[in-house]
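Analysis of the macromolecular model
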Amino acid sequence: MLLAQFIVTGIATGCFLILATIGFSFTRRVEGFLNIAHAELLGVAAFATWGLNNVAKWHILPSALAAIVLTALVGLAIGRLVYDPIRKHGPAVLLITSVGVAYVIGGIIDGIIGTGIRTLNIPLATTYRVFGLRITDYQLMVIGLAAATAICLAFYLNKTRSGLAIRAMAANPALAASRGIDVKATSRAAWLLSAGLAGLAGVMLAVIATLSTDIAFLQILQILAVAILAGLGSLYAVIISGLIVGIAMDVSVFWIPAGYRPLIAFLLVIVVLVFRPEGLAGRKTA
Amino acid sequence: MNIWHFFLSVALYGSLFSVLTLALNFQYARGGMINFGTVAYFAAGAYAYAIITQEPPSGLDQYMFGFGAPWWLGVAGAGAAAFAFAVVTGGPTLRLRGEYLALTTFAFAEVFHSLLLNERRIGNGSVGLPNVSRPDFGSLAAYDTLIYTGAAFLLMVATILLFRRILRSPYGRALDAVRDDEVAAKAIGKDAARLRFQVFVLSAIPMGIAGALYAMVTTLVAPNLFTAEVTFFVWIALVLGGERTILGAVLGTVALVAFQELVRAVPFESVRSAQIAASIEEVVTGLLFIIVLRWQPWEKLARKRTAKCQTTISSSTKSPSASLL
Amino acid sequence: MSDNYLVLDKVTKRFAALKAVGGDDGLSFSIRKGSFLGLVGPNGAGKSTTFNLISGVLKPTSGRILLEGVELTQTATASISGLGLGRTFQTPRVFGSLSVLENVLVGADNVGEGLRAALSGRWRKADAALAARAMELLERVGLAERAGHRVSDLSGGELRMLEVARQLIREPRVFLLDEPTAGVDPMLQKKLGSLLVELHKAGTTLIVVEHNLHFLFEIADTVVVLQSGQLLAEGTPDEIRSNKKVIAAYLGAEHAA
């Protein structure tokens, strides 16, 4: 039935949101601020993929990988050049600065790409029917990637040395430094990781959506909703939160006009911030 | 486009948007509140004006309300609408700190935008309300742009006088105290919550009136005129001019408006080159924003000036301390 | 002189599993009106917590605190100051964007702080009178010369005096000071001490948390000693000085440290 179908697409939407938001929450957790420009990194990846795939005529897979690497490097550069020097001014200033960064990246993308919509040079989606519900192979890919990313990230943060170093630094930078953790290298790894995750999400965005230059900005609103519902800075809750927001948005079409879909996300933001600012993860921080 | 038009444009839009920047300056630099939903109060004023002054719906019109009232009622209504919106959005949220408040105000503005876009009964959805009623200037009609520019300028001056008057009083002192150290301010009996609420809703009124004026000038109110871009424009103007001072807010706005008008004035041969120019404008604006935030030239200038004053006033001082803030 | 002016009645305060104040029966003692009470005890005795409980920053887990019969525990933190209770902080908290004089001015409950008054401009006369009072207070604390300076020009001790002046313009009935001599040079300490004695003579009830017993015992008339959140001893400075339990507590703390 229709509702179940919406739930299925909602899961796919939710998984995409998880991919898009996990890097954002990561930056919040490790660097301590909300990076509005994170969404623009999705745009960088999406259009880089398009450029390599559609213009340079590469196959989709190397295009995607190159795009992710590029995005990771861009994120690293911005992190070191722009954000690190002003960290001492506090999260509010960093937040405001990230708006400027978003402008710069957005402007560059606008300039290079121009207007109009773009699509990737990939085969059309194949739809499968499972129990009478329709799902495309690309949607399955998003779901699979989200799951894989969550598992890999969990493994990385819990079992590898650099992952643990990042967690230590996020919790207490001074202590971490005194314990011999190479702060510079760890910070570099953190920027690469969050930007790389944005890159992955951007590639998926290019695959499942039609690209226009303002698409990145539209994402930030939904990313914010997911991140806030999860509780700023928590990573595991992003999984649940992403699914909730994705399903809520898609299922809402059942009752209200489709134009209001993004509205659900914002209302969620307001409700959560007013009644339970710590989100699902639930630790009241200062 | 000739020089005269250019200056008039800059004067008109510079004054108009300065009102928004001034309100933001009041809220952020003095009240300590980060408002990322500025455009919504502007839009509330514009739409209120349009709805109050337009003819009741007929025929193919999709909107539901129109009162055909005179323009000054529309302006008053605009201020009231922005005030009301501020009360509703400020009430439950002002106790939130910094980034959280930024997010809620942002979310509220987007909710409002979404409503305007989708709910045709309010304002015709994405089409908007055309033919916004303007005051009848009679024989002076040919000079209407000049009149609007004058009105915008007057509004800006009035806003400046209003905020300055408030800030120079003990109220302004208490406000600064609350912003500097809320705990200490509470220990001397300052009601931080009430002060912040008052600042927030009071500063919304000029924003609404500016919206009404904007509607009169453009004769069209549509959702695509009131996007988050406006909010960020005002924020960039605020930062460029140095967040602290009133003069800075005005100068920053005028400079930004002039820059944009300049880019728009260049006759581009192709659509593509116009696009590229717009992109460069975005990039340059963003870069300036980042640079000013990082190096805070206005703070340094202010510090140098106060340090100079210190050494001239007092003859027997200890060595001046390292930094002011 | 009324007994039971400020009363702590079986007050306890828990932070998670830790009971910072109050033993089995809770902490109970009362302060006479117009007395100068010193609150002392070794580190971790619960002095700061008790201080914060009285000044309303913390609410007790159980028990009541009454000022002239009014339950402070029921009053909102922001309104406590309105009841005539003034406090200073362990690290002086001053307003960086205001000048020294303005820091004192803002302390007063100013009619000009209402929005209507601000708009109508009807505050100027009252403010001028207030400025005169503020200058007097700055004289008293020795900061009159610095009236127009930025607070960043002041030393730690001077900031402390500024905080005191800012509370004094409110004419508090009960004045709480949290380790006022910390970071203050001996000359300024003397000035602070004589200022407190003046206030005491004028009838203000003073409650001072201090580590500097030498300073405190010269000027306080009553001393309450806390240990592990409970009342160890209560009496005049002389009585406390010779109290064996107190000496043991302090020596014990020294040995343990």
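Preceding this paragraph is the structure being described.
Residues numbered from 1 in each chain as written. Chains lettered and ligands numbered in written order. Predicted model: local features only at pLDDT ≥ 70, side-chain atom pairs only at ≥ 80, totals over all residues. Heavy atoms only, no water.

**What about the interface of chain A and chain B?**
Counting from both sides, the interface comprises 42 residues of chain A and, opposite them, 40 residues of chain B. Both faces combined, the contact of chain A with chain B buries some 3600 Å², and carbon together with sulfur accounts for 73% of it. Considering only the side of chain A, the residues that lose the most area to chain B are I96, Y103 and Y260 of chain A, jointly responsible for 20% of the buried surface there. Where chain A touches chain B, the interface holds one salt bridge. The partner of R28 of chain A in a salt bridge is E99 of chain B, and the shortest N-O contact between them spans 2.7 Å. Here chain A and chain B share three residue pairs in polar contact (both at pLDDT 80 or more) between them. Sorting the residues of the side of chain A that touches chain B by element identifies α3 (60–83), α4 (91–113), α9 (215–230) and α11 (261–275) of chain A as the ones contributing at least two each. (Contact = heavy atoms within 4.5 Å. Buried area = accessible area lost by both parts, 1.4 Å probe. Salt bridge = Lys/Arg side-chain N within 4 Å of Asp/Glu carboxyl O. Polar contact = N/O pair within 3.5 Å; in protein donor to acceptor, adjacent residues only side chain to side chain. Helix = DSSP H or I, 4+ residues; strand = E, 2+ residues; numbered from the N terminus.)

**Concerning helix α1 (residues 47–54) of chain C**
Residues and elements named next belong to chain C. Within α1, seven of the eight residues are buried, which leaves the element mostly enclosed by the surrounding structure. By the burial criterion, the buried members of α1 are K47, T49, T50, F51, N52, L53 and I54. Phi turns positive one or two residues past the end of α1, at G56, with a value near 90 degrees. (Buried < 20%, exposed > 50% of the residue type's maximum accessible area, 1.4 Å probe, protein only.)

**Here we look at the arrangement of the chains**
In this assembly, two pairs of chains are in contact, and the pair with the greatest number of contacts comprises chains A and B. With respect to C-alpha atoms, chain A approaches chain C no nearer than 15 Å, and the pair has no contact.

**A closer look at the interface of chain C and chain B**
Listed by partner, the interface residues are 38 residues for chain C and 31 residues for chain B. Interface area, chain C with chain B, both sides summed: about 2900 Å², of which 58% is carbon and sulfur. Of all residues in chain C, F95, E113 and L115 of chain C bury the most surface against chain B, accounting for 20% of the area lost on that side. For the pair chain C and chain B, the interface holds two salt bridges. Residue R173 of chain B pairs with D127 of chain C through a salt bridge whose shortest N-O separation is 2.9 Å. Inspection of the chain C/chain B interface yields 12 residue pairs in polar contact (both at pLDDT 80 or more). Going through the elements one at a time, α3 (100–105), α4 (115–120), α5 (124–140) and α6 (156–168) of chain C are the ones with two or more residues in the side of chain C that touches chain B.

**Considering a nonpolar patch on the surface**
Together, L2, F254, W255 and I256 of chain A make up a nonpolar patch on the protein surface, roughly 420 Å² of accessible area in all. For I256 of chain A, a relative accessible area of 30% gives the class partly exposed. (Patch = residues over 30% accessible without salt bridge, like charges linked within 9 Å, V, L, I, M, F, W, Y side chains within 5 Å. Areas by Shrake-Rupley, 256 points an atom, 1.4 Å probe, with all protein chains shown as cover.)

**Here's the deal with the sheet that holds strand β11 (residues 230–235) of chain C**
Residues and elements named next belong to chain C. Read across the open sheet, the six strands follow the order β7-β8-β9-β4-β10-β11; overall the sheet is mixed. The sheet is open, and its two edges are formed by β7 (85–87) and β11, each paired on a single side. Across the sheet, the mean angle separating the axes of adjacent strands is 20 degrees when strand polarity is ignored. In terms of strand pairing, strand β10 (residues 222–227) meets β11 through five bridges, oriented antiparallel. Looking at the pairing, V223 lines up with G235 of β11. Against the sheet, α1 engages β4 (36–40), β7, β8 (174–178), β9 (205–209) and β10, with an angle of about 150 degrees to β8. Helix-sheet contacts for α6 involve β7 and β8, and the interaxial angle to β8 is about 165 degrees. (Pairing = 2+ DSSP bridges. Axes fitted to C-alpha atoms, helices over the stretch in contact; angles between N-to-C directions.)

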